[in-house]
2 protein chains.
Amino acid sequence: MPSEAGGRGPTSRPPSADPTVADFTEAELIARISAPLPPPAPWLLVGIGDDAAVVLPERNRLAVLTVDALVEGVHFDRAFTPPAAIGHRALAVNLSDLAAMGASPRLALVSLVLPPALPIGDFDSMMSGLAALARRYGVQIAGGNLSRSPGPLMIDITAVGGVKPRRALTRAGAQAGDELYVTGTIGAAAAGLQMLRAGAGEWSGGSAPQARQPTWARCVQRYLLPEPRVRIGSLIGRNRAASACIDLSDGLGDAVHQMAAASGIGAVVDEGSLPLDPGAREWFESHGGDAVAAAIQGGDDYELLVAVRPRARRRLAALAGRDTPLTRVGLCTEERDVLLRRPDGRTVPLGHGYSHFT
Amino acid sequence: MPSEAGGRGPTSRPPSADPTVADFTEAELIARISAPLPPPAPWLLVGIGDDAAVVLPERNRLAVLTVDALVEGVHFDRAFTPPAAIGHRALAVNLSDLAAMGASPRLALVSLVLPPALPIGDFDSMMSGLAALARRYGVQIAGGNLSRSPGPLMIDITAVGGVKPRRALTRAGAQAGDELYVTGTIGAAAAGLQMLRAGAGEWSGGSAPQARQPTWARCVQRYLLPEPRVRIGSLIGRNRAASACIDLSDGLGDAVHQMAAASGIGAVVDEGSLPLDPGAREWFESHGGDAVAAAIQGGDDYELLVAVRPRARRRLAALAGRDTPLTRVGLCTEERDVLLRRPDGRTVPLGHGYSHFT
């Protein structure tokens, strides 16, 4: 929707050596987004290019919907985040939200707010990064929106998935006595971000990210190209092992606090049991940081925190694999405090994670 | 999702006389959004506050999904757009997209990207404006996202509606010989925007917008508080009168061009038949402007352009009412040119509407 009347169609400027998105019409940009996408699924009755997408609902499934924005200068820095990583991360954070609900992703709507000076090559790379992740999980790009930005680049994605009735996971079902598990390892993304800022790691967008130490490269990869827990999320939903689930997008500390608040319980997390990424531990310790605090408060780990009744422990364990370890990190308690048990046995308040405003 | 680890919880600043969104936690802001909303519908199984919303699909309906962003400095100017109008418009543009597909709205996800200095009163007003429009059409706010903005305020809304199978309207069904109709009047929003910029109209957010001339107040209202054509859109879908439909968000000129391109046809629009808003005509003519050009190229008229087979004309006419006049404005043609027939009978290329980048 416009703020002013104006001319339209391709600009009359001569083609520039370094063309930007402003050198292209909306129709041309939409065509560049659509061209590399797989053909629409039969259930996508109207896709990109109309006023809205039209979709045949999944039979016997609930629809699960989430939206998450990536804002330049807040969620990423273009100085060290290649465009392909921006596109990848923008979709990954949404797929992670669906996974935390036990849902399988189905489609995404992509709303782009772009500075006119964005090089068209960066635009293409951003959309390639997004499309590659979408393809990996069979996510259809069903539509979106293009707007000009007077400032930061923004990419806001709505993802829609499906889950069988009574199989959706929420934050609210944990009870005192439930055990807390975390998928994968934590702290790597926070370390990777520090490495990128410090110039100790980089990625040019081609092959895998590089870092000064081989064990650090994985941290940079985890920050730039997080892998959402799509498969185990939907498996956990299906086999009814979990009483509650949430992703670690804003850090483990935040996730435990959010789950405890939504469920009306407290929790004790065992510091000694936390699955710290080895490269992250090495990075934080060699840079004078507190690896445990960084792993608890650092965000961008798109792992899942799962609460499990003790009797369902085996059902959950059956889902863990070499790719997706599951580590018991704590226990839900009747008292509403959210605590960290230090190695010496003392308990202290568990730190919160990232806050978006303060 | 964070860009850095950090503290959380309410800030330790002393309460300010003019609090901003930065003085509140995310949980507090979410509570302020939720409090005035109607209770969740039975089909909204998980609403605001979890990782995603969970929704029971409508029986025997297709899902229709759209996303549209409102960006400060591009789509609105906070100098003359009160917060309630920003919230209203952000939802209205999405409901208009659903109406253009023949769909009835059901729910919305609201992604807010907010400058930390935004006064909390403006935040509340913005959400009230949005909630009031949502309530009017029974739209549930099912979820959303909060991010900080390093620059402009942005509000990106995903709206989801439903339409019966084979009743969805697209841009692509028009054929040569179909007649083109427009709902309501055009040009008012473009005039209203000019009035606001010129200081000839204003709205403080309380009662109705004011303008120097009584006939102009309606233009200011049309710009600030556009009324999406929700009811007639879904009626047009249901009674199968239309062969194609699109909304006028980027102007009538753009809409005719888009429909013609999608349908593989051309069109001739009759200048003399255009339903120009009287206040807009008066404004443009008294300010040395070309009222017709402004009405064709000016956007923000959330009216619908409808293509109708001649034999279905009566079915369409049956839907028009005093509130929603329908005016025949042109004809679809086999030749692919998109033309305007001037009062003297000559035809000229029909101007395009607003472009988001050029």
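To be clear, the structure that these remarks concern was listed above.
Note that this is a predicted model, so its numbers are computed, not measured.

### Regarding unusual backbone geometry
Residues and elements named next belong to chain A. Even without glycine at this site, asparagine 60 takes up a positive phi of about 55°. Positionally, asparagine 60 belongs in the loop between strand 2 (53-55) and strand 3 (62-71). For asparagine 60, a relative accessible area of 59% translates into the label exposed. Of note in this structure, aspartate 300 is not a glycine but carries a positive phi near 75°. Relative to the elements of secondary structure, aspartate 300 occurs in the loop between helix 9 (291-297) and strand 12 (304-308).

### Some details on the relation of the copies chain B and chain A
Take chain B, turn it by 180°, move it 0.0 Å along the axis, and it overlays chain A with an RMSD of 0.0 Å. The two molecules are tied by a two-fold rotation axis, judged by turn and shift. Across chain B, the smallest distance between a C-alpha and the rotation axis is recorded for Gly151(B), namely 3.1 Å.

### Quick word on the pattern of salt bridges
Oppositely charged side chains can pair when the atoms bearing their charge come close. Residue and element names in this part refer to chain B. In this structure the tally under the stated criterion is 35 salt bridges over all chains. Between arginine 309 and aspartate 178 there is a salt bridge, with its nearest N and O atoms 2.5 Å apart. With arginine 309 in the loop between strand 12 (304-308) and helix 10 (313-317) and aspartate 178 in the loop between strand 6 (154-163) and strand 7 (179-183), this pair connects stretches of sequence that are 131 residues apart. We note that arginine 309, like aspartate 178, is buried. Glutamate 179 serves as the salt-bridge partner of arginine 328, at 3.3 Å between the closest nitrogen and oxygen.

### Quick look at the interface of chain B and chain A
Of the residues lining the interface, 86 residues belong to chain B; the matching set on chain A comes to 86 residues. Taken over both partners, the interface formed by chain B and chain A buries close to 7400 Å², and the fraction arising from carbon and sulfur atoms is 60%. Our count for the chain B to chain A interface comes out at 4 salt bridges. The partner of Asp50(B) in a salt bridge is Arg171(A), and the shortest N-O contact between them spans 3.6 Å. Joining chain B to chain A, the criterion identifies 19 residue pairs in polar contact (both at pLDDT 80 or more). The element that contributes the greatest number of residues to the side of chain B that touches chain A is strand 3 (residues 62-71) of chain B, accounting for 10 residues. Tallied by class, the residues present in the side of chain B that touches chain A amount to 44 nonpolar, 24 polar and 18 charged. Pairing of strand 2 of chain A with strand 3 of chain B, which is carried by 3 bridges, proceeds in the antiparallel orientation. Bridging across to strand 3 of chain B, Ala53(A) finds its partner in Leu65(B).

### What to know about the sheet that holds strand 12 of chain A
Residues and elements named next belong to chain A. The 7 strands are arranged 10-12-7-13-11-14-15 in an open sheet whose pairing can be described as mixed. Pairing within the sheet leaves two strands with one partner each, and these edge strands are strand 10 (242-247) and strand 15 (347-349). Between one strand and the next, the sheet's axes are offset by a mean angle of 30°, whatever the strand orientation. Where strand 10 and strand 12 come together, 5 bridges link them in antiparallel fashion. Paired with alanine 244 across the two strands is alanine 307, which belongs to strand 12. Against the sheet, helix 6 (residues 230-238) contacts strand 7 (179-183), strand 10, strand 12 and strand 13 (326-333), and its axis sits at roughly 15° relative to strand 12. Relative to strand 10, helix 7 (residues 252-263) is tilted by about 135°, and along the sheet it contacts strand 7, strand 10, strand 11 (266-270), strand 12 and strand 14 (338-341).

Thresholds applied
Counting from 1, residues in each chain are numbered in the order their sequence is written. The naming scheme follows written order: chains are lettered A onward, ligands numbered 1 onward. The model is predicted, so local features are restricted to residues of pLDDT at least 70 and side-chain atom pairs to those at 80 or more, both for listing and for counting; the totals for chains, interfaces and linings are taken over all residues. Water and hydrogen atoms play no part in the side-chain values, which are based on all heavy atoms of the structure. Working definition: helices are DSSP H or I runs of at least four residues, strands are E runs of at least two. Numbering for both runs from the N terminus. In this scheme, a residue with accessible area under 20% of its type's maximum is buried, one over 50% is exposed, and one in between is partly exposed, where area comes from a 1.4 Å probe on protein chains only. We place the copies in one frame by least squares, fitting the C-alpha atoms of every residue whose pLDDT is at least 70 in both. The working definition used for a salt bridge is a side-chain nitrogen of Lys or Arg within 4 Å of a carboxyl oxygen of Asp or Glu. Should any heavy atoms of two residues lie within 4.5 Å, those residues are counted as being in contact. When two parts are put together, the accessible area they lose, computed with a 1.4 Å probe and summed over both, is reported as buried area. Polar contacts here mean pairs of N or O atoms no more than 3.5 Å apart (in protein, one a potential hydrogen donor and the other a potential acceptor; neighbouring residues in sequence count only if both atoms are side-chain atoms). Basically, the charged four are Asp, Glu, Lys and Arg, the nonpolar ten are Ala, Val, Leu, Ile, Met, Phe, Trp, Tyr, Cys and Pro, and anything else, Gly included, counts as polar. For two strands to be treated as a pair, DSSP must find at least two bridges joining them. Angles shown run from 0 to 180 degrees and are taken between the N-to-C directions of axes, each axis being a line fitted to C-alpha atoms and, for helices, limited to the stretch in contact.

Remember, this is a structural readout, not a statement about activity or role.
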